[in-house]
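The residues making up each chain are set out below.
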Number of protein chains: 2
Amino acid sequence: MQNYQAPLDEMRFVIEHWLDARQDWERMPAFAEVDYSLAAQVLAEAARFAEERLAPLNAPGDRQGCRYEAGRVFAPDGFADAYKAYVEAGWPSLACAVESGGQGLPQLLNVGLLEMLYAANHAWAMYPGIAHGAYECLQQFASDGLRAEYLPGLVDGTCLPTMCLTESQAGSDVGLLRCRAELAEDGSYRLDGNKLFISGGEHDLTEDILHLVLARLPDAPPGTAGISLFLVPKRVDGLANGVICDGIEHKMGIKGSATCSLRFERAKGWLLGEPHKGLAAMFVMMNGARLHVGLQGLGHAEFAWQQARAYAGERRQMRAVPRPKDAVGAADVIAAHPAMQRILMTLKVQSQGMRMLGFWAAHLLDTAEHGVESAQRVEALALASVLTPLIKACFTDQGFQLASQALQVFGGYGYCSEYPIEQTLRDSRIAMIYEGTNEIQANDLLLRKLLPVGAPGAALLASQVRSECRRAEGTALQGRAEDLAVLLGEWERALQTLRQEQAEQPQRPYEAAVDLLHATASMLQGYAWLRAARVSRERGLVDEREASAQFFFRYLFPEAGHRIRLAMGDWKPGAFPQ
Amino acid sequence: MQNYQAPLDEMRFVIEHWLDARQDWERMPAFAEVDYSLAAQVLAEAARFAEERLAPLNAPGDRQGCRYEAGRVFAPDGFADAYKAYVEAGWPSLACAVESGGQGLPQLLNVGLLEMLYAANHAWAMYPGIAHGAYECLQQFASDGLRAEYLPGLVDGTCLPTMCLTESQAGSDVGLLRCRAELAEDGSYRLDGNKLFISGGEHDLTEDILHLVLARLPDAPPGTAGISLFLVPKRVDGLANGVICDGIEHKMGIKGSATCSLRFERAKGWLLGEPHKGLAAMFVMMNGARLHVGLQGLGHAEFAWQQARAYAGERRQMRAVPRPKDAVGAADVIAAHPAMQRILMTLKVQSQGMRMLGFWAAHLLDTAEHGVESAQRVEALALASVLTPLIKACFTDQGFQLASQALQVFGGYGYCSEYPIEQTLRDSRIAMIYEGTNEIQANDLLLRKLLPVGAPGAALLASQVRSECRRAEGTALQGRAEDLAVLLGEWERALQTLRQEQAEQPQRPYEAAVDLLHATASMLQGYAWLRAARVSRERGLVDEREASAQFFFRYLFPEAGHRIRLAMGDWKPGAFPQ
């Protein structure tokens, strides 16, 4: 069986060549000391941790699951120890600011770390997965006193956070939540209510847990305009706070991640940010979380690709047409069969393409925070905010679809727990749902990021794509680049049409959103592959990126046009289905 | 939670209107006594069994799984009792010939029964699922003596069969199998070897089990030309035969179905059919099995649709754009949101469309066996043999994809075992693999059924589709029919091109097979919906079939053209992926 091997070479290609990140780091004082050698060293250490400490716990953690016992939750054997090692190695502080006790390294390296954690052990990585988002949220919204008390634990990892949004009646629609908070005499608050599906709501990895809780103040207006954000620690002054874990969910996958029902009973908490403005504060955390969920899809895709490749290179069944040149024996490796080649190439090209876009988003976030020129920061933030819902939705769709394709390569063995791919398929499915379903991401992308007249996202993306197309002139990919440029025009016209139709038919963008999400993702993967092939060529790298780009344009890029035509068709849904 | 409700109205629509089966039954002496009233009665009884006896065992069976204990296997609690009730009600003999003690009813009713069994409890239905195929195999290939001894048990269900093909090194490639059979002095054989992934290889549902085993005689040529088929009972003359169950697999789904490793040690068996011609005999069984596996996909899709529809009609989250006319409160049912409508309509239209094609195939098999005119029988068999791989592959792909879409409707709840949809997703995944992977079905469809110059399949399909297109003239669907006719032309040209290219590039059809499979399926669903809408209109039925057909052509039919273009593109895979 193939063990997880962190794709360090691919990560380095993206960072050093595709992004050429050093160029930007050199101009950002915050990253003056970061160079490729340091980056490579950090990623190699992260790889060692993911491969050696986390990957071996993945299947056992799935089999054992979490244990609930009278309000306490125990993660699978080995999870707490691995987390201890993670903290001791300093990983939680990687991308935290130096002035907060962090290492001040770029988000770009943090997404490299996260991809590896998720690929090696999605369930385990759920525990520290949102820690950086919580850190950012506290940085921005907590009072000095709260920051002094709680930030160090988040930075050094001795304390883990949760995001407490969902209630049984309030899932996608957070505006329906009922959890209440009342001001106490000492200026703190008392929270009451029930929260559902809280990842890491209770566990044995850390002593304390910091719950970030959405709740309503007594004078709150209804809906999302009446939601405030509170910091509610599991323990206050060394004593248990009023946060009770009533049970954990039995799930299809990520069984090693404790998904908890929490009950808040006169739980002591503190307001983060302003009253009734909790959603805005939570979104600081959520945006990071959405990018990170996208990385889960990338991790699953990469792991699936490694598994399928290894198995397809060993397993012999039937003679391929045509047989490989060195063919011997009664049967060829299944990697030689055309249907398997198609799957394998799809796995390879999609996972590599996703990495380019995902790392790009992280690098844009670094630029948005640390770029020297204001215009550069604004533009980077705009691009990152367009990419975020797209990455969340399309990467997780792909993580699941590619895990299924990889499973197919294994045949019947793939369906058995003896091989890890069926777990990958099960684990990957949740990422299409949490942190906002993929349908909600599609609405966010189209209705908030692409369609509004003042929003710069669409034009910025188009300009990136168009300029990359021009740079393919005279190369072997010129024809593909011309196809991409034509598609880009179709995409721009589709957006323009929707803007016009929207006034009279407000439902039109909602009907078109999912298709346009996939069309946009496919277009951007085309951009990513053109750029990868060009960079490889310009730098004389000896690799297969031009062939991969050709495969992408031959087999995967047609999805973009197909989806635009689906989005812009004429059928109107009528009554609800009966 | 929504319990499974057999879609009897939809089945009756297909049988009585879409197929108008009575017209054909009346001309077949074998079915002289079959009419719609009898058919409806049989299906209603089957529905009661599936809903009341099987569906309640589905989730508990998944949780409990099978138990292996020192060579013995125990199905989940209740499975054996339900099987006893199934036998007592006479279901095993439904479509067996009257002269063999069966009820002599059409396959068409049997597929109705099977759809319900698979939808209600896939794992349970695995035990009797291949019984009819084994019955047909014995009918055709067993000696009189063997028939007299073993057929009655298969007909009345007191004995269950297995198909023993797979060995660890021989999965898709049955030609690699090593199991040996030697002639004994009494004319029987002694079998030695190991078989893997044997569904129902050992269980506590029946006293005896009839293993149909592929093995090699001492003088067998290598490969598939040296495989013979043997009947190997679990018990001979009241004593245990040399068939040992070494264990069961731990699987992602269908956990209530015992997937066994079997060891044959000097096991007594009898030859079925001629020496070295075992594969042909096994294919009699396998063809039926492939249709039945397709019905699993249909069952999963129907169940998923029922689940999603019920949940989406109750769960309220956010206001839809536009809000439903009767909207009240802070949030609308999620069925009113465009992205959910799209999923729900897709579930509905795909599952109903699959049923039309699946039942058509069964009716063709009835016609092929009992049709009065020889030309009619030949044509029906040719059509059924084109439809079989298509139904197996596309229905099971859809069963899995639609289960995933339905799960998405449930959000986080869908990922929890509290709701049944995550089990449906897990159960459905195996059907894309067993009885020949879907990639192998695609090769079968294209290389054996559509491309060969003498094979009548492509022309017969085309003529069906073309004539239905003509009948839409002057109706609301005329434009859609014209699109379908254009697509049909593209499809025929694609086949013609592949026939020409095949000589010089033998790998071309293998590269195009999966895409053409999906293109063909989408084209035939277009045919099915045109026909459904026409029949509804002609008969004055009050239903939504025209709207469903419009949805199909608007959102699902474009897949056909997309897939043809993918199949006929110009990219050539190069070296194996690295």
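Residues numbered from 1 in each chain as written. Chains lettered and ligands numbered in written order. Predicted model: local features only at pLDDT ≥ 70, side-chain atom pairs only at ≥ 80, totals over all residues. Heavy atoms only, no water.

1. Side note on the overall build of chain A
Moving on, step 1. Regarding its fold elements, chain A presents 17 helices and eleven strands.
Moving on, step 2. For 578 residues, the compact-globule estimate of 2.2 N^0.38 gives 25 Å, and the C-alpha radius of gyration of chain A, at 24 Å, lies within 12% of that figure.
Moving on, step 3. With 578 residues in all, chain A has 65% of them scored as buried.
Moving on, step 4. Taken as a whole, chain A presents about 20700 Å² of accessible surface, with 49% of it coming from carbon and sulfur.
Moving on, step 5. Computed over 55 positive and 69 negative side-chain charges, the separation of the two mean positions in chain A equals 5 Å. (Helix = DSSP H or I, 4+ residues; strand = E, 2+ residues; numbered from the N terminus. Rg over C-alpha atoms; globule rule 2.2 N^0.38 Å. Buried < 20%, exposed > 50% of the residue type's maximum accessible area, 1.4 Å probe, protein only. Areas by Shrake-Rupley, 256 points an atom, 1.4 Å probe, with all protein chains shown as cover. Lys, Arg positive; Asp, Glu negative; His and termini not counted. Charge placed at Lys NZ, Arg CZ, Asp CG, Glu CD.)

2. Observations concerning the packing of aromatic side chains
Moving on, step 1. Applying the stated criterion to the full structure yields 45 aromatic pairs over all chains.
Moving on, step 2. Judged by centre distance (4.4 Å) and plane angle (20 degrees), the rings of Y311(A) and F410(A) are stacked. Linking Y311(A) in helix α8 (residues 278-314) with F410(A) in helix α10 (residues 374-410), this pair joins segments that are 99 residues apart in sequence.
Moving on, step 3. When its relative accessible area of 11% is taken as the criterion, Y311(A) is described as buried.
Moving on, step 4. A cation over an aromatic ring shows up here: R309(A) above the ring of W305(A), its NZ or CZ 4.6 Å from the ring centre.
Moving on, step 5. Over the face of the ring belonging to W18(B) we find R531(B), whose NZ or CZ atom lies 4.3 Å from the ring centre. (Phe/Tyr/Trp six-rings, centres within 6.5 Å; stacked < 30°, edge-to-face > 60°. Lys NZ or Arg CZ within 6 Å of the ring centre and 35° of its normal.)

3. Topic: the relation of the copies chain A and chain B
Moving on, step 1. Take chain A, turn it by 180 degrees, move it 0.0 Å along the axis, and it overlays chain B with an RMSD of 0.0 Å. Expressed as an axis order, the relation between the two copies is that of a two-fold axis. Of every C-alpha in chain A, the one belonging to H562(A) sits nearest the axis of rotation, 3.4 Å from it.
Moving on, step 2. Interface residue correspondence from chain A to chain B reaches 100%, placing this contact among same-surface, isologous pairings. (Least-squares fit on C-alpha atoms with pLDDT ≥ 70 in both. Contact = heavy atoms within 4.5 Å.)

4. Description of the confidence of the model for chain A
Moving on, step 1. With 98% of its residues at a pLDDT of at least 70, chain A reaches an overall mean of 95.
Moving on, step 2. Complex prediction metrics read pTM 0.97 and ipTM 0.97. (pLDDT = per-residue confidence, 0-100.)

5. A closer look at the packing of helix α13 (residues 457-470) of chain A against helix α15 (residues 508-538) of chain A
Residue and element names in this part refer to chain A.
Moving on, step 1. Contact geometry of α13 with α15 gives a least axis separation of 10 Å together with a crossing angle of 40 degrees. Put simply, α13 runs oblique to α15. You can see that α13 and α15 cross each other, and the crossing is left-handed. On α15, the residues that touch L461, Q464, V465, E468 and C469 of α13 are T520, M523, L524, Y527, L530, R531 and R534. (Axes fitted to C-alpha atoms, helices over the stretch in contact; angles between N-to-C directions. Parallel < 35°, antiparallel > 145°, perpendicular 65-115°, else oblique. Left-handed = near helix turned anticlockwise from the far one by under 90°.)

6. Looking at the UniProt feature "domain: Acetyl-CoA dehydrogenase-like C-terminal" (unreviewed entry) in chain A
Moving on, step 1. UniProt tags residues 462-567 of chain A as "domain: Acetyl-CoA dehydrogenase-like C-terminal" (unreviewed entry).
Moving on, step 2. As a span, residues 462-567 of chain A carries 82% helix and 0% strand, and end to end its C-alpha atoms are 19 Å apart. (UniProt positions renumbered as here; feature names shortened; annotations may be inferred.)

7. Some words on the interface of chain A and chain B
Moving on, step 1. Facing 90 residues of chain A, the contacting portion of chain B comprises 90 residues.
Moving on, step 2. Summed over both sides, the interface between chain A and chain B buries roughly 7200 Å², with carbon and sulfur atoms accounting for 61% of that surface.
Moving on, step 3. Summed over the shared surface of chain A and chain B, the result is two salt bridges.
Moving on, step 4. The interface formed by chain A and chain B contains 37 residue pairs in polar contact (both at pLDDT 80 or more). (Buried area = accessible area lost by both parts, 1.4 Å probe. Salt bridge = Lys/Arg side-chain N within 4 Å of Asp/Glu carboxyl O. Polar contact = N/O pair within 3.5 Å; in protein donor to acceptor, adjacent residues only side chain to side chain.)

8. Observations regarding the packing of helix α9 (residues 338-370) of chain B against helix α15 (residues 508-538) of chain B
A pair of packed helices is characterised by two quantities: the angle between their axes and the separation of those axes.
Residue and element names in this part refer to chain B.
Moving on, step 1. Relative orientation of the contacting elements α9 and α15 amounts to 95 degrees, with a least axis distance of 9 Å. It follows from the interaxial angle that α9 and α15 lie roughly perpendicular. Residues V349, Q350, Q352, G353, M354, M356, L357 and W360 of α9 lie in contact with α15, whose contacting residues are L524, Q525, Y527, A528, W529 and A532.
Moving on, step 2. Grouping the constituent residues of the contact of α9 with α15 by class yields ten nonpolar, four polar and no charged. (Nonpolar A, V, L, I, M, F, W, Y, C, P; charged D, E, K, R; others polar.)

9. Remarks on the domain arrangement of chain A
All names here are of chain A.
Moving on, step 1. Looking at chain A, the domain boundaries give domain 1 (8-140), domain 2 (160-276) and domain 3 (437-572).
Moving on, step 2. A C-alpha centroid distance of 25 Å is found between domain 1 and domain 2.
Moving on, step 3. Listed per partner, the contact involves 25 residues of domain 1 and 26 residues of domain 2.
Moving on, step 4. Surface buried jointly by domain 1 and domain 2 totals about 2100 Å² across both partners, of which 75% is contributed by carbon and sulfur atoms.
Moving on, step 5. Summed over the three residues of domain 1 that lose the most area to domain 2, namely Y68, V73 and Y127, the buried surface amounts to 28% of that side.
Moving on, step 6. Our count for the contact surface shared by domain 1 and domain 2 stands at zero salt bridges.
Moving on, step 7. At the junction of domain 1 with domain 2, the criterion picks out seven residue pairs in polar contact (both at pLDDT 80 or more).
Moving on, step 8. Of all the secondary-structure elements, those providing two or more residues to the side of domain 1 that touches domain 2 are α3 (36-64), β1 (67-69), β2 (72-74), α4 (79-88), α5 (107-129) and α6 (131-141).
Moving on, step 9. In terms of residue class, the side of domain 1 that touches domain 2 is built from 18 nonpolar, four polar and three charged. (Domains from an automatic or database assignment.)

10. Observations concerning the nonpolar core
Moving on, step 1. Counting 400 residues, the largest nonpolar core has W491(A) and W491(B) as the members making the most contacts within it.
Moving on, step 2. Counting 32 residues, the second-largest nonpolar core is a separate cluster that includes L146(B), L151(B), V155(B) and L210(B). (Core = buried A, V, L, I, M, F, W, Y, C linked by side-chain atoms within 4.5 Å.)

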